[in-house]
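Structural overview
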Amino acid sequence: MSIENRIKATAKNIEGKVQEAVGEITGDPAAKEEGQVKQAEAQVLHTVENLKDQVKQIID
């Protein structure tokens, strides 16, 4: 488990949520979409870290 990678993923998720909210408030669909993409990227990063943890548990 890489704490650094999890922190980066969490930060990216928060950044995406903020960007999505700003896009919603300002009526900017591009900003809203970019925020959603960042959140999806963060979810992928979290999933990768979870898989790494599971593989490590199986090996150990």
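Please refer to the structure higher up on the page.
Summary of the structure given here. (Residues numbered from 1 in each chain as written. Predicted model: local features only at pLDDT ≥ 70, side-chain atom pairs only at ≥ 80, totals over all residues. Heavy atoms only, no water.)

1. Some points on the pattern of salt bridges
The condition is simple: Salt bridge, as applied in this entry: a Lys or Arg side-chain nitrogen positioned within 4 Å of an Asp or Glu carboxyl oxygen. Each helix is a run of DSSP H or I of at least 4 residues and each strand a run of E of at least 2, with the numbering of both proceeding from the N terminus. Throughout, exposure labels follow a simple rule: accessible area from a 1.4 Å probe, protein chains only, divided by the maximum for the residue type, with under 20% read as buried, over 50% as exposed, and the rest as partly exposed.
This structure, assessed with the given rule, holds five salt bridges. Note that K12 and E41 form a salt bridge whose closest N and O atoms lie 3.1 Å from each other. Of this pair, K12 sits in helix 1 (residues 3–26) while E41 sits in helix 2 (residues 29–59), placing them 29 residues apart in sequence. Judged by its relative accessible area of 36%, E41 falls in the partly exposed class. For E49, the salt bridge identified is with K52, shortest N-O distance 3.2 Å. One end of the pair is E49 and the other is K52, both in helix 2 and three residues apart, which spans about a single turn. Residue class for E49 comes out buried when judged on its relative accessible area of 3%. With a relative accessible area of 41%, K52 lands in the partly exposed category.

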